[in-house]
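Below are the chains, spelled out letter by letter.
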Amino acid sequence: MNTREIVRYYERMAGGNDYLDRYFGALEATGSTDNFLKQNRFFSLYQAVGHVLKKGLPGDIVECGCWKGHSTYLMAGLLKEADWTGTLRVFDSFEGGLSDKTAEDRRLRGDTDPTETERQKQKFASDFDAVQQVLAPYPFVALHKGWIPEVFDGALPSDARFSLVHLDVDLYQPTLDSLRFFYPRMVKGGLIVLDDYGSTTFPGSRTATDEFLGSVTPTLFLEGHLQSAVLLV
Ligand SMILES: C[S@@+](CC[C@H](N)C(=O)[O-])C[C@H]1O[C@@H](n2cnc3c(N)ncnc32)[C@H](O)[C@@H]1O
């Protein structure tokens, strides 16, 4: 389906629901056609932004992995309407796509064809200027281009604190590196949303999260019924 057909489908099936309005509005604005089936996962993110706003949590918000900006756009719309005053910091390689897989990212089946791995890596490459343009209505969004974790150095003040982190980088190493970097910088009651925790295509995200959970004691860890998981610091 192309973007218009997806939006028409939605208008027939689900019009009037605040979350779905925003989900499909952001899908159309960013041209993220491949995200047609991410409604369930992004609902956790929508609720997490609501939690931050309702509790008035201090600190900035972070997204690791934005691709064309679908989830960023969804969050930014909610934050703008609430007159939120922080910075939404987005980290991605943009034109680089996914970083290289490690052994933890290999599935039991598949992944033996190097051209398939390269195709997957390139699929998630995006155009920095195009993403910047689509997010222009939200001047509180700061795009940080580079590889995780190196890009974190120098991008943030040393005393930076965060209320919400959306981790959507698919792979083991950047997931683990992001958790190690941001978890100690979260405010009490802050949330980390793990988009790929239950993914069978990208098993490294769960491996990294479970490994990290062996070293910390969060207030709560909830696995959603369809892929994403939420960690309450
Ligand atoms: C599944 S996409 C993100 C989807 C996005 N949240 C959305 O709403 O469509 C994964 C993203 O992670 C980024 N990524 C993966 N590994 C990375 C790394 N080591 N450093 C920086 N970006 C990385 C890719 O460039 C890609 O944009």
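As a reminder, the structure under discussion sits directly above these lines.
Residues numbered from 1 in each chain as written. Predicted model: local features only at pLDDT ≥ 70, side-chain atom pairs only at ≥ 80, totals over all residues. Heavy atoms only, no water.

S.K.: I would appreciate a short explanation of the nonpolar core in the present structure.
M.R.: Within soluble globular proteins, side chains that are nonpolar tend to cluster in buried spots. Counting residues in each nonpolar core, the largest one holds 39 residues, and the members touching the most others are Ile61, Leu88, Leu135, Phe140, Val141, Leu143 and Leu164. Going through the elements one at a time, α2 (18–30), α3 (39–55), α4 (70–81), β2 (88–92), α6 (128–134), β3 (141–145) and β5 (186–194) are the ones with two or more residues in this core. Ignoring any residue separated from it by four or fewer positions in sequence, one finds Phe140 in contact with Ala76, Leu79, Lys80, Trp84, Gly86, Thr87 and Leu88. If you look at the next biggest cluster of nonpolar residues, it comprises 29 residues, including Ile148, Leu179, Leu194 and Ala229. (Core = buried A, V, L, I, M, F, W, Y, C linked by side-chain atoms within 4.5 Å. Buried < 20%, exposed > 50% of the residue type's maximum accessible area, 1.4 Å probe, protein only. Helix = DSSP H or I, 4+ residues; strand = E, 2+ residues; numbered from the N terminus. Contact = heavy atoms within 4.5 Å.)

S.K.: Whenever I open this one, the site of the ligand confuses me. Can you help?
M.R.: Lining the immediate surroundings of the ligand are 20 residues, of which Asn35, Ser71, Asp92, Ile148 and Asp168 lie closest. Interatomic distance of 3.1 Å between a backbone N/O atom of Gly97 and an oxygen atom of the ligand. Protein contacts shield 99% of the accessible area of the ligand, which totals 600 Å² for the unbound molecule. One can see that the ligand is located within the largest pocket. In terms of residue class, the shell around the ligand is built from 9 nonpolar, 8 polar and 3 charged. (Near = heavy atom within 4 Å. Polar contact = N/O pair within 3.5 Å; in protein donor to acceptor, adjacent residues only side chain to side chain. Areas by Shrake-Rupley, 256 points an atom, 1.4 Å probe, with all protein chains shown as cover. 1 Å grid on protein atoms, 1.4 Å probe; cavity = no way out; pocket = protein on both sides within 12 Å on 5 of 7 lines; lining within 4 Å. Sits in = over half its atoms within 2 Å of the grid points. Nonpolar A, V, L, I, M, F, W, Y, C, P; charged D, E, K, R; others polar.)

S.K.: Before we go on, may I ask you to explain the packing of aromatic side chains in this structure?
M.R.: Given two aromatic rings, their pairing is described by the distance between the two centres and the angle made by the two planes. On inspection of all chains with the given rule, the structure shows 19 aromatic pairs. Ring centres of Trp67 and Phe124 lie 5.1 Å apart, and the angle between their planes is 75°; on these two criteria the pair is classed as edge-to-face. Of this pair, Trp67 sits in the loop between β1 (60–64) and α4 while Phe124 sits in the loop between α5 (114–123) and α6, placing them 57 residues apart in sequence. Among the aromatic residues, those joined into a cluster by ring pairs are Tyr19, Tyr23, Phe24, Phe42, Phe43 and Tyr46. The ring of Phe181 has Arg185 sitting right over it, with the charged end atom 3.9 Å from the ring centre. (Phe/Tyr/Trp six-rings, centres within 6.5 Å; stacked < 30°, edge-to-face > 60°. Lys NZ or Arg CZ within 6 Å of the ring centre and 35° of its normal.)

S.K.: Help me understand the side chain of Arg41, please; the structure alone is not making it clear to me.
M.R.: One can find Arg41 in helix α3. Overall, Arg41 belongs to the buried group, its relative accessible area being 14%. For Arg41, the side chain forms a polar contact with the side chain of Asp195, separated by 2.5 Å. What Arg41 contacts, discounting residues up to four positions off in sequence, is Asp195, Asp196, Leu226, Gln227 and Ser228.

S.K.: Teacher, can you tell me more about the sheet that holds β3 here?
M.R.: Whenever strands of a sheet pair, they do so through backbone hydrogen bonds, lying parallel or antiparallel. Strand order in the open sheet formed by 7 strands is β3-β2-β1-β4-β5-β7-β6, and the pairing between neighbours is mixed. Looking at which strands have only one partner, the edges of the open sheet turn out to be β3 and β6 (220–223). Adjacent strand axes in the sheet meet at a mean angle of 15° when their direction is disregarded. Across 5 bridges, the pairing between β2 and β3 is parallel. Among the inter-strand pairings, Asp92 is bridged to a residue of β3, identified as Lys145. Strands in contact with helix α7 (residues 172–182) are β1, β2, β4 (162–167) and β5; relative to β4, the strand with the most contacts, it is inclined by about 180°. (Pairing = 2+ DSSP bridges. Axes fitted to C-alpha atoms, helices over the stretch in contact; angles between N-to-C directions.)

S.K.: Which parts of the structure should I look at to understand the layout of surface pockets?
M.R.: Unfilled space is identified by rolling a water-sized probe across the atoms. Approximately 660 Å³ is the volume found for the largest pocket. Around the largest pocket sit 39 residues that line it, and Leu98, Phe124, Asp168, Asp170 and Phe202 are the ones nearest its centre. Counting only elements with at least two residues in the lining of the largest pocket, the list comes to α3, α4, β2 and α5. Ranked by residue count, the leading element in the lining of the largest pocket is α5, at 4 residues. When grouped by side-chain class, the residues that make up the lining of the largest pocket number 14 nonpolar, 13 polar and 12 charged. Roughly 340 Å³ of volume is contained in the second largest pocket. As for the second largest pocket, its lining consists of 18 residues, and the residues nearest its centre are Phe43, Ser44, Gln47, Leu222 and Val230. Elements with a minimum of two residues in the lining of the second largest pocket: α3, β6 and β7 (229–232). (Points joined across faces, edges and corners; volume = space filled by probe spheres on them.)

S.K.: Would you explain the environment of Glu211 in this entry?
M.R.: Mapped onto the fold, Glu211 is located in helix α8 (residues 204–213). As for Glu211 and Leu176, which are separated by 35 residues in sequence, their C-alpha atoms are 8.1 Å apart. When sequence neighbours within four positions are dropped, the list of residues in contact with Glu211 reads Tyr172, Leu176 and Arg180. There is a polar contact of 2.7 Å between the side chain of Glu211 and the side chain of Tyr172.

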